[in-house]
Amino acid sequence: MKKVSKLDEYLFDLNGYIIIKNALNKKELRDLNKILDKLKNIKNKEWAGYVHGHNYGGKEGLNLQQIYEAGKPFENLIDHPSWINHMMHFVGGKGTFDQHHGPLFIDENFANIRGPGEAIGIHSGNPEGLQRNHYRYQEGKFHCSQVNILLALKDIGPGDGGTVIIPASHKSNIQHPEFKNNKMLKGGKVSSAEGMTSAKEVYMKAGDGLVFVDSLCHGSAKRINKGERRIVVYRYGPSWGFFRHPYRPSKQLLSRLSKFQQKIVMPHQNVLTPDNK
Ligand SMILES: O=C(O)CCC(=O)C(=O)O
Ligand SMILES: [Fe+2]
């Protein structure tokens, strides 16, 4: 299992993100991509098994929600050795109520496939002050509400529509003056992230993972190249969090997972009720 280095801690605190090079090996990439080759033709609101086609209504591409249902290669990402220690460390809460019923909780997991002309507009940032994605470091420990791993399943270079971040914006007290509120959730026009002052477009090799606190102001560049960008995002927070969307893991998935993984996708396995002694 990859350990969290002193430099990881320093850079995550300083910038709100780190990049884990080669988080996935060649075989993992092949297996994950093979599954997406089959799934990528499902339409918005269509199901493929327990995976759901989803779109915010704009030009953000197709999300394959509940991608951890898509087979073993995606199940393995739940507690993958390349980043699980980072999630435990940055979400934090060891030995406290935050980990009382489990180590972590994944409140959303999806693959995203984006073609030419598609992007996700700029969103998030510390000035919003949201509980769900906040960044906090106190008493020598991290306490982040939501930390994402964003994995590149294909190389992402210039023109490919890379993720765009404003480094250190997880600590900013002031809304970026060029931030035009993204209408992603309403399906309206998306304001582009890539032209903003101090924005950084993140280029990654297939298999690299971007770990970032969700309060970092971010979005993506518009894809202008042919072909498609493929990424996977798993969002981790404390065990007492709840699902972002009205999806739940299937019984079949839960029965295949290890105890540790079960706790991360559904923290209370043994529900206490008077009828369930
Ligand atoms: O598509 C991207 O590059 C950014 C995705 C995103 O906004 C997120 O994972 O929170
Ligand atoms: Fe985001």
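What this report covers is the structure whose coordinates are included nearby. (Residues numbered from 1 in each chain as written. Chains lettered and ligands numbered in written order. Predicted model: local features only at pLDDT ≥ 70, side-chain atom pairs only at ≥ 80, totals over all residues. Heavy atoms only, no water.)

1. What about the site of ligand 1?
- As a matter of local geometry, ligand 1 sits amid 13 residues, with H123, T163, H218, R229 and R235 nearest to it.
- Interatomic distance of 3.1 Å between a side-chain N/O atom of R114 and an oxygen atom of ligand 1.
- Contact between ligand 1 and R229: an oxygen atom at 2.6 Å from a side-chain N or O atom of the residue.
- Across the complex, the protein chains shield 97% of the 300 Å² of accessible surface that ligand 1 would expose by itself.
- Going through the elements one at a time, strand 12 (218–220) and strand 13 (229–237) are the ones with two or more residues in the shell around ligand 1.
- The greatest single-element share of the shell around ligand 1, amounting to 4 residues, is contributed by strand 13.
- Its residues placed into classes, the shell around ligand 1 shows 5 nonpolar, 4 polar and 4 charged. (Near = heavy atom within 4 Å. Polar contact = N/O pair within 3.5 Å; in protein donor to acceptor, adjacent residues only side chain to side chain. Areas by Shrake-Rupley, 256 points an atom, 1.4 Å probe, with all protein chains shown as cover. Helix = DSSP H or I, 4+ residues; strand = E, 2+ residues; numbered from the N terminus. Nonpolar A, V, L, I, M, F, W, Y, C, P; charged D, E, K, R; others polar.)

2. Some thoughts on the packing of helix 1 (residues 6–15) against helix 4 (residues 84–91)
- Remark: helix 1 packs on helix 4, axes separated minimally by 12 Å, with the N-to-C direction vectors making an angle of 55°. Of the possible angle classes, the one that applies to helix 1 and helix 4 is oblique. Crossing hand, helix 1 versus helix 4: right-handed. Here D8, E9 and F12 of helix 1 lie close against helix 4, whose contacting residues are H86, H89 and F90.
- Partitioned by chemical class, the residues of the contact of helix 1 with helix 4 number 2 nonpolar, 2 polar and 2 charged. (Axes fitted to C-alpha atoms, helices over the stretch in contact; angles between N-to-C directions. Parallel < 35°, antiparallel > 145°, perpendicular 65-115°, else oblique. Left-handed = near helix turned anticlockwise from the far one by under 90°. Contact = heavy atoms within 4.5 Å.)

3. Regarding the coordination of the iron ion (ligand 2)
- Distances from the iron ion (ligand 2) to its protein donors, H123 (NE2) and H218 (NE2), fall at 2.1 Å.
- In this structure, the iron ion (ligand 2) is coordinated by 4 donor atoms arranged in irregular fashion, with angles at the metal of 79 to 168°. Taken as a pair, H123 in the loop between strand 5 (105–114) and strand 6 (137–138) and H218 in strand 12 lie far apart in primary sequence, 95 residues in all.
- Residue classification places H123 among the buried residues on the basis of a relative accessible area of 17%. (Donors = N, O, S within 2.8 Å, 3.2 Å for Na, K, Ca; no water. Tetrahedral: all angles 85-135°; square planar, octahedral: opposite > 155°, others 65-115°. Buried < 20%, exposed > 50% of the residue type's maximum accessible area, 1.4 Å probe, protein only.)

4. Structural notes on the sheet that holds strand 3 (residues 51–54)
- Taken together, the 8 strands give an open sheet; going across it, the order is 1-11-8-13-5-4-3-2, and neighbouring strands pair in antiparallel fashion. Every interior strand has two partners, whereas the edge strands, strand 1 (17–20) and strand 2 (47–48), have only one.
- Pairing between strand 2 and strand 3: 2 bridges, direction antiparallel. Among the inter-strand pairings, A48 is bridged to a residue of strand 3, identified as V51.
- The strands that helix 1 touches are strand 1, strand 8 (147–152) and strand 11 (209–213); relative to strand 1, the one it contacts most, it runs at about 135°.
- On the sheet, helix 4 packs against strand 1, strand 8, strand 11 and strand 13 and is oriented at approximately 155° with respect to strand 8. (Pairing = 2+ DSSP bridges.)

The quantities given are spatial measurements derived from coordinates; they are silent on function.
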